[in-house]
Each structure stands twice: as structure tokens, then as C-alpha cells.
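# Residue-level structural notes
Below are the chains, spelled out letter by letter.
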Amino acid sequence: MKPVLPEYGFSALLVAGVILLTLPSFPSVYGLVCILLALLPGLTLYLTRQWPDRAFYLICAGQPAVIACGSTVLFAGLFVELMLAGMVAGTMGLLVTREDYLFLLLFSGLTFLLTLLIQVSNHVFFLLPALGAALALLAGVLAIRNYQFRKECSGAPP
Amino acid sequence: MELRRCTRGSGLLAVLLLGGALLLDDPAVLLAGSAILAGLVIAYLRFDYLSRDAVRSVVVSRSLERTRIRKGATTRVSTDITLKIPPRMHATVTELIPPEVAVQDGVPSLELTGSEAEDIHRIRYRITPLVHGTLPVRGISLALRDLFFSASFLLTAERYSGPLLQVQPRGDFTSAQKHSTMETREIEKMSVLSGFGIRTLREYFAGDNIRDIDWKLSAKYDKLYIREYTGMVNLPPVLLIDLPWSGQPFSAPEFDRMAGAVAGMAEQSVRNFQYATLIVVSGPNILQVIEEEKDLQQGMALLREWLHPAERVVHWYRIPDRSLLREQIRSLDQRIQDGEDAHLRAFFSSLQKKYRQVLPSQRQTVFSTDLARLLSRITTDEMVIFSLGVGDLSHLREIIRQSKMLKFGVHLRMPSAAAQVPATSGTSHLGADSVEAFA
């Protein structure tokens, strides 16, 4: 019997999680829409199994489910995003080494933090520039670090 | 660092979502967009972490076949690279060759895919320096890529570079001889190819070579006696291959046919005469001399190594040798005497004057000197020259001239189209005894 690939496991968890999280609160059409959108990544996973940039198609296919579930309960959107990340990591073969799991954990922590921030702030208008500034600061730090490493490779003293 | 297609697409999606979140003031859309950005940031951190590991694992060990060579000579470079490429990453390792050096053959780069273990990889290639001086191999370039990012690192620290290649200068002309004047002429010295055994001893007659006098016998009988040496027959022909310049277009099918013809003739020479002598040139550059190669497999391996377009350090364009110039002057003398038209006579006089002006400064080229030295030590009575006949052919004229001086029979093999061009002045192409198309 062929072992189940991790990305299909995450896909099943995604659908199950969406059903559990949205149906009790929204048993109407909206809940059904969320479930159908949750099936979309799984379908994309199957259809794109021979395509080269599979990760991109999965990310695109998963965002409607994130937005739909996030509109009901923000942490439901987070859950969908994390399952989607697991599916993307599985298709790229990034669930093998210890470092792979560490980076996945890092992503989970970062998105949890972002969700908390979004939950706490009232409007997007104030949070977005703050996130942009944080990203710019991070880019600057990484650029300097990169420059120092390249200097070291070219023979300059560390 | 470059963003790959997947990253650019995901980044664009994130920007669109964030823009939408700003317009709609929707936290769920903001979550979607910021999560994609977070994912890209984590992917970059992962790529950066693994790339640094890969770069730090690189160990380079490089050696040159010769570290001191003359400009235009060829030397082999062997580089052993040990590194660990992370799984699901691809790498390209390229040697940073100085621009003053041309790669004659081999590929100075490697394509690798990720694996768990640290592997040793080997790069082999041959280089020809085009200028003199101290030329270092600066190091290597390591380009890493995964699905989202690609980055290139120039590893030029001391531990990745070297060794230094010392290139001695080499002029295009030999130093001017003090005794040469306009009036000197080359004479074709009569020489009969002789073997090493003494066939007989006989009395000296006027005209015999005085170097053949047996002085011991002559002193004994008080009469001059000379040694008659045995003759030599059935010598294998020397094969001279003129490789096309790598910077000039040429017909690949014709080159393949030429390579096949050379290999066939070399094999025949080894089988019938027990050895083959090959000279590989490219224009006025002697690249390789394979003297009396007895091993067929070794000979074929050497041919496979050298039979490809080559880089030329020296280029000739309509270089006349001194004897050709003198011949032109004599021929113009004749035309001036015989000519009836005054305008034509004036033209020929003017042309002759130009040739006389050029002749004193016409120096012996290094190629001519090296060729003379090479041909004088080869024992043969025939030379077969293989050439595509592309570009300037002054070097072939010089080779044929020197070969004819040594009484070699010279046979030119060219592509069928070039071989069919009719010869002028009753002589074959460039002075060769025969011209044939190679099969």
C-alpha cells in the first residue's frame, strides 16, 4: 500500500478543520461555501501534480478559502493558511530534515503573531504601514548581512 | 539574489491582496496577503541559511600541468571541488578564468544537484594564455537556486584561487639577422634522404659530399674514399592538421569529415608503418606535435583531444615570405622589360619599388623558425596537409614552401568545394604537389 503523501494529509486536515470551525457558527450557505473553497486546494493539488510551479498554484488556490474562513473567524483563516503551508512544503519536499520542520514552525509562529496583531488592531490602515516598515527593516538587516558574507567569500577579513 | 518565477508570482499576489485589504479595510484579506509575505520571508531565510552552509563547505584544490609557459602554449588545469549542496537545491560551479586566457577544450563549469553527502567533483580543461604576465585563476563562482530564489557567490578568497600562471612573452618575429641583405637569396640545397647503414666504400669523385669521406681508410691507402649510405624508402607520411579558428564560422560537417579522414590516415600509418607523426596547427600557431606515436589507442585519444576548433594567439593576413617577395620583384623586372605599354611599365615600376621598400624589413617569423626546426628533425618524404581552407592561408603556403625545400612530397586535402577550384599558373594550390578532397 502506497504511503499517503503529507500534502494530501494536510489537505484532508484542512477540509476537516474548516467543517469543524465554520459549520457550527455558520450552518447556512456561507458555511457550505467555505467548505467548497476548502476543497479547492485539494483539487488543485491533484490537477497540478505534473506541473512545474505547483507551489504557486496551491498558494493561489488556497487564498479564497483563507479569506472566506477568516471573514468568519480570523483564527479559522490562520488554520487554513497553516494547512496550506503544510501542503506547499509537502509538494516541495520540505518535510524531510529537522531544519525543514523548524522553518515550518517559524512560519507558523510568525503567522500566529500576525493574526494576533490583526485581531487586536481595529483597522488595516494603521497596521499595514507598520508591517511594511518592519519588512523594510528586516530587508535592510538581511542586505547588510548578505554583503558582509560576500565580502568574506571574496577574501576580506570577517 | 534573484527572485524566481514562483516568488515573483506569489509576491504579486501578496501585493494585490494587501492593496485589496487597504481598500476594503478587511482583516481577512490582510491576513491572506501578510501570510504569503511571511511565507516568502521564511523561504528566503531558509535559502540564505542553506546557501551559507553550502558556501562554507566548499574546498578547492587546483593544479596546473605547467605553471610557466610561453604565450600561445597550452596547459591543462585540474580542479577538485568538495562541497555539499543542500537537498532540493541546484548548483552551478564555474571557474573564474582571467579574460586574458582562452579555453582550448573542456568545460570549466559543473552542474550539480543537492544530496545529503559531501562530494568531490572534478573539472578538467585546457587553457592558452593570449598575453604575457602573471595570470591567476581568481577562484570559482557558485550559483545556487531552489524553487523560490537563486543567488550567485564569487569565491575569490586566497583559499579558492591560484596557482599563478607565469606566461613568458613570445614575439611574432625572430630578431633581425645582421648579415641578411636585399641581395641574399635562399638556395635550394640538394639533399638525398639517407639511412644509417653503410652500403659500400668507393673512391672519391669530384662532386661527392666531402662529409662522407672516410678519413681513416683514406689515410691508410693514401687515396680519398667515401662512405655510401643505404637509402631509406617506405617512410610514413607526416600528417599536418590545420584546425579552424574558433572565432570564425566554418562548416561543421566538413570539419567532421576532415577529422574522420585524419583519424583514418593516422590509423593506416600506425598499422602499415608501426608509427604515425602528426603536427597540429591552427593558422601560424603550432599547437601540438605527436612524433612517432606507436600506440594506436593513445594516438586516437590524442586526436580526440585536439581535433576541435582552436584559439589562435597569432593571426596572419597575406604574409609573404622573403623568397616570394623576391620572386615578385624578379617577375616585375621581366614584365617591365617585356612590356610595351608605358603606363603599365610605370605601374609595374611603382609596384616593384614598393616591394623593394618592404623587403628589408620583412623579418623571419617565429612560426617559420619553429616550423623549420620541427621539420628538420622529422624523417619522412611525404607530408599530407588537412585543412578546411577557411580564412587566410599564408601559413599553409609557408608550410608547403619549407616542406618542398626539404624535398617532401606535399599533398593537400581540403573540402570538396575548395579542392575543385582550378589551380593557377600551372601549379596546384599554394605550391602543393596535389590537391584532393577528403572523403
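What you see is a predicted model; the values in this text were computed from it and never measured. (Residues numbered from 1 in each chain as written. Chains lettered and ligands numbered in written order. Predicted model: local features only at pLDDT ≥ 70, side-chain atom pairs only at ≥ 80, totals over all residues. Heavy atoms only, no water.)

## Some thoughts on the interface of chain B and chain A
It is common to give the size of an interface as the accessible area lost on bringing the parts into contact. Of the residues lining the interface, 46 residues belong to chain B; the matching set on chain A comes to 46 residues. Buried area between chain B and chain A, summed over both chains or domains, comes out near 4,000 Å², and the portion from carbon and sulfur atoms is 73%. For the pair chain B and chain A, the number of links is four salt bridges. D100 of chain A is the partner of R46 of chain B in a salt bridge, and the nearest nitrogen-oxygen pair spans 3.5 Å. Taken together, the connections running from chain B to chain A amount to ten residue pairs in polar contact (both at pLDDT 80 or more). (Contact = heavy atoms within 4.5 Å. Buried area = accessible area lost by both parts, 1.4 Å probe. Salt bridge = Lys/Arg side-chain N within 4 Å of Asp/Glu carboxyl O. Polar contact = N/O pair within 3.5 Å; in protein donor to acceptor, adjacent residues only side chain to side chain.)

## Re the pairing of strand β18 (residues 382-387) of chain B
Residue and element names in this part refer to chain B. Most of β18 sits out of view: five of its six residues are buried. The pairing of strand β15 (residues 238-242) with β18 spans five bridges and is parallel. Paired with L239 across the two strands is V384, which belongs to β18. For β18 and strand β19 (residues 409-414), the ladder comprises five bridges, and the chain directions are parallel. Looking at the pairing, I385 lines up with L412 of β19. (Buried < 20%, exposed > 50% of the residue type's maximum accessible area, 1.4 Å probe, protein only. Helix = DSSP H or I, 4+ residues; strand = E, 2+ residues; numbered from the N terminus. Pairing = 2+ DSSP bridges.)

## Remarks on the confidence of the model for chain B
Detailed reading of predicted coordinates is not advised where the pLDDT is low. All names here are of chain B. Chain-level pLDDT for chain B is 84 on average; 89% of the residues reach the 70-or-more range. In the model of chain B, helix α10 (residues 416-419) stands out as the element of lowest mean pLDDT, 66, in contrast to β15, which has the highest, 94. Per-residue pLDDT stays below 50 along residues 178-191; that stretch engages in 18 contacts with residues further than four places along the chain or on separate chains. The low-confidence segment residues 423-427, where pLDDT is below 50, has two contacts with residues more than four positions distant or belonging to other chains. Overall fold confidence (pTM) sits at 0.71, and the ipTM for the predicted complex is 0.91. (pLDDT = per-residue confidence, 0-100.)

## A word on empty space enclosed by the protein
Here the structure, examined in full by the defined rule, presents five cavities of 30 Å³ or more. Its boundaries defined by the atoms lining it, the largest cavity holds a volume of some 440 Å³. For the largest cavity, the lining is made up of 24 residues, of which A85, V88 and F107 of chain A together with G39 and A43 of chain B are closest to its centre. Only α3 (54-72), α4 (74-91) and α5 (98-120) of chain A together with α2 (27-56) of chain B provide two or more residues apiece to the lining of the largest cavity. Sorting elements by how many residues they give to the lining of the largest cavity places α2 of chain B first, with seven residues. Class assignment for the residues of the lining of the largest cavity results in 17 nonpolar, three polar and four charged. (1 Å grid on protein atoms, 1.4 Å probe; cavity = no way out; pocket = protein on both sides within 12 Å on 5 of 7 lines; lining within 4 Å. Points joined across faces, edges and corners; volume = space filled by probe spheres on them. Nonpolar A, V, L, I, M, F, W, Y, C, P; charged D, E, K, R; others polar.)

## Some words on the packing of helix α1 (residues 6-22) of chain A against α4 of chain A
Relative placement of two packed helices is described by the angle separating their axes and the distance separating the axes. All names here are of chain A. Relative orientation of the contacting elements α1 and α4 amounts to 170°, with a least axis distance of 8 Å. One way to sum up the angle between α1 and α4 is to call them roughly antiparallel. Contact residues: α1 offers P6, E7, F10, S11, L13, L14, G17, V18 and L21, while α4 offers A76, F79, V80, M83, G86, M87, G90 and T91. Partitioned by chemical class, the residues of the contact of α1 with α4 number eleven nonpolar, five polar and one charged. (Axes fitted to C-alpha atoms, helices over the stretch in contact; angles between N-to-C directions. Parallel < 35°, antiparallel > 145°, perpendicular 65-115°, else oblique.)

## What to know about helix α9 (residues 394-405) of chain B
Residue and element names in this part refer to chain B. An ideal rise of 1.5 Å per residue puts 16 Å on twelve residues; α9 measures up with 17 Å between its terminal C-alpha atoms. On the buried face of α9, the contacting elements are β15, β16 (276-281), α8 (366-376), β18 and β19. At the exit of α9 stands K407, carrying a positive phi of roughly 65°. (Expected span 1.5 Å × (residues − 1).)

## Focus on the packing of aromatic side chains
Counting across every chain of the model gives 13 aromatic pairs over all chains. Between F149 of chain A and F153 of chain B, the ring centres sit 5.8 Å apart and the planes meet at 80°, which makes this aromatic pair edge-to-face. Of this pair, F149 of chain A sits in helix α6 (residues 124-153) while F153 of chain B sits in strand β11 (residues 149-155), on two different chains. The pair formed by F149 of chain A and F153 of chain B is uniform in burial state, with each residue classed as buried. Ring centres 5.6 Å apart and planes at 50° place the aromatic pair F347 of chain B and F348 of chain B in the tilted group. Overall, the relative accessible area of 47% leaves F347 of chain B in the partly exposed class. Linked through ring pairs, Y44, F47, F148 and F149 of chain B together constitute an aromatic cluster. The aromatic ring of Y46 of chain A is capped on one face by R49 of chain A, whose charged end is 4.0 Å from the ring centroid. (Phe/Tyr/Trp six-rings, centres within 6.5 Å; stacked < 30°, edge-to-face > 60°. Lys NZ or Arg CZ within 6 Å of the ring centre and 35° of its normal.)

## Some points on the sheet that holds strand β9 (residues 133-136) of chain B
All names here are of chain B. Pairing within the open sheet is mixed, and its three strands lie in the order β3-β12-β9. At either end of the open sheet lies a strand with only one pairing partner, and these are β3 (68-70) and β9. Between one strand axis and the next, the sheet turns by 30° as a mean value, whatever way the strands run. The sheet contact formed by β3 and strand β12 (residues 164-168) spans three bridges and is parallel. Paired with R70 across the bridge in β12 is Q168.

## Observations regarding the nonpolar core
Residue and element names in this part refer to chain B. Counting 86 residues, the largest nonpolar core has V58, L142 and L155 as the members making the most contacts within it. Top element by residues in this core is α2. It accounts for 14 residues. For V58, the contacting residues outside a window of four places in its chain are I81, T82, L83, I140, L142, L155 and Y160. (Core = buried A, V, L, I, M, F, W, Y, C linked by side-chain atoms within 4.5 Å.)

## Describing the side chain of H308 of chain B
Residues and elements named next belong to chain B. Here H308 shows up in the loop between α5 (296-306) and α6 (322-338). Overall, H308 belongs to the buried group, its relative accessible area being 16%. A polar contact is formed between the side chain of H308 and the backbone oxygen of Q104, at a distance of 3.4 Å. Here D105 takes part through its side chain, which lies 3.0 Å from a polar atom of the side chain of H308.

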